[in-house]
Amino acid sequence: MTARVPDRPSRPEQGFGAFVRARADAGALVVQPRMGFGDPAWMRAGLAATRAARAHTVGTLTLDSYTRLGDLAAIERALHDGMPLNGYPIVTHSDSMTRAVLEGVLDADFPVQVRHGSALPQHIFRRLIALGLTATEGGPVSYCLPYGRVPLADSIDAWRECTELFAQARDLGAEPHLETFGGCMMGQLCPPSQLVALSALEALFFRAHGCRSISVSYAQQTHPGQDTEAVLALRRLCADLLPDVEWHLVVYTYMGAYPVTEAGAYRLLREAAELAVRTGSERLIVKTVAESRRIPTVAENVAALEYAARAAEANRTTAHDPGTDSQTYAEALALVEAVLNLAPDLSRALLLAFRRGYLDIPYCVHPDNRGLTRSRLDEEGRLRWAYTGALPLGHLVRTGRSHKVTAAGLLADLSFLRQKMDREALADRSPAELTGSV
């Protein structure tokens, strides 16, 4: 891929980050679906419905798994045979087709973010820039380790190249925006301190390679109090580490095993919205009542967006940082500082961190992950370290034989929140949760 920015059509002057910031400054939480359809007509209908939802929304154009892997021949076969795709094949569909999907929907009042999951995303970034799309997400670690066997060094090189090219696109319009996916690593059972550290480190990576508009992610875990502590820790870290860029914080509704009942799903979504509002987060990625069964419909996505917006409006409370180092903040800071001290170049530092085990993701089987750490849920449902491997946390975390992780215990932890939400929601028989209202 060359370092030249291709010619492209005009686009809205207000970038994705500036849009979210403006809504946040006005006291609104921006809500966003994880929506993607292979059929252009469905994709356009989904974006239009998101825009028309009774909420402050941004659009999502989620790509299919073949595009993520770069298997464009498989997309051609699927389209030829009339097989459905699990996302929008932006590289395969013509530019004119995608422009038709976006025409009259994408503008300064409704920015659209492309989501993909690729460790080697050069083909995707080329197409985004050609189309004038200036918001996407991922990262050299978070889009590599959970998704396949691409060497981490290759992913870091690819993401450095793409970030630098994407940053140049500011010369032709709105400020390009990148969102870290580091705070969502593995979806569940990665202790919050490492999620916070990974999100901050990927934000620093984007900044080092020219990005000036960034969002940092955190995925809701198993305990509201611990989640609050984690998001405040991430906000505090980024205030120190990113003083010269535009940034905001995005909370993801729980990404693990989702409740199977409608009441449980709404209850969990409500808690995610409350977490976002309580921590001053500017954006929330929602999930729907269908998450445990299938790909959600447009109507189900809109229902989730509107429910989350109502829940946010009904729970306008703020958690104030006490000004002392929480356990999560202390652990995250130790991880970040240990990585940054390994090498002046962050790309090199990230590689060394995984080789030495200073970063080590529990239950991740990627070859570049040492796999010596484990996590567990304590009696209160908080996510704790069971084994820390070579993580630089020995002075902060105590583990022992009493914290042994078993297969049965792991399965119980994986289903903990699903069962809790279903059980509590049905026991309460809350009309709001049973009907999707607040």
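What counts and what doesn't
- Residues numbered from 1 in each chain as written.
- Predicted model: local features only at pLDDT ≥ 70, side-chain atom pairs only at ≥ 80, totals over all residues.
- Heavy atoms only, no water.
- Helix = DSSP H or I, 4+ residues; strand = E, 2+ residues; numbered from the N terminus.
- Contact = heavy atoms within 4.5 Å.
- Areas by Shrake-Rupley, 256 points an atom, 1.4 Å probe, with all protein chains shown as cover.
- Core = buried A, V, L, I, M, F, W, Y, C linked by side-chain atoms within 4.5 Å.
- Buried < 20%, exposed > 50% of the residue type's maximum accessible area, 1.4 Å probe, protein only.
- Phe/Tyr/Trp six-rings, centres within 6.5 Å; stacked < 30°, edge-to-face > 60°.

In the annotation of an unreviewed UniProt entry, the protein chain is listed under the name Methylaspartate mutase and assigned to Streptomyces anulatus.

1. Describing the overall build of the protein chain
A tally of regular secondary structure across the protein chain gives 15 helices and 10 strands. Here the analysis covers contacts within the protein chain between residues at least 6 apart in sequence; of these, 74% occur between residues at least 24 apart. Carbon and sulfur atoms provide 51% of the accessible area of the protein chain, an area that totals close to 17,000 Å².

2. Some words on the nonpolar core
Across soluble globular proteins, nonpolar side chains show a tendency to be buried alongside one another. L284 and L350 are the most contacted members of the largest nonpolar core, which totals 91 residues. Among the elements that take part in this core, helix α8 (residues 192-208) stands out by supplying 10 residues, more than any other. Membership of the second largest hydrophobic core comes to 19 residues, among which are F37, M43, F110 and L128.

3. Quick word on unusual backbone geometry
Positioned with a positive phi, L189 is a non-glycine residue whose angle comes to about 65°. What makes L189 buried here is its relative accessible area of 3%. In the Ramachandran plot, Y363 falls in the positive-phi region, its phi being about 65° despite a non-glycine side chain. Locating Y363 in the fold gives a position in the loop between α13 (346-356) and β9 (373-377). Here Y363 falls in the partly exposed class, since its relative accessible area comes to 22%.

4. A word on the packing of aromatic side chains
Taken as a whole and judged by the stated rule, the model has 9 aromatic pairs. Centroid distance F37 to W42: 6.2 Å. Interplanar angle 90°. Geometry classified as edge-to-face. Its relative accessible area of 11% is what places F37 among the buried residues. On the accessibility criterion, W42 (57% relative accessible area) is exposed. Measuring from centroid to centroid gives 5.6 Å for F125 and W159, while their planes differ by 85°, and the two rings are edge-to-face. Of this pair, F125 sits in helix α6 (residues 122-131) while W159 sits in helix α7 (residues 152-168), and the two are 34 residues apart along the sequence. With respect to class, F125 is no different from W159; both count as buried.

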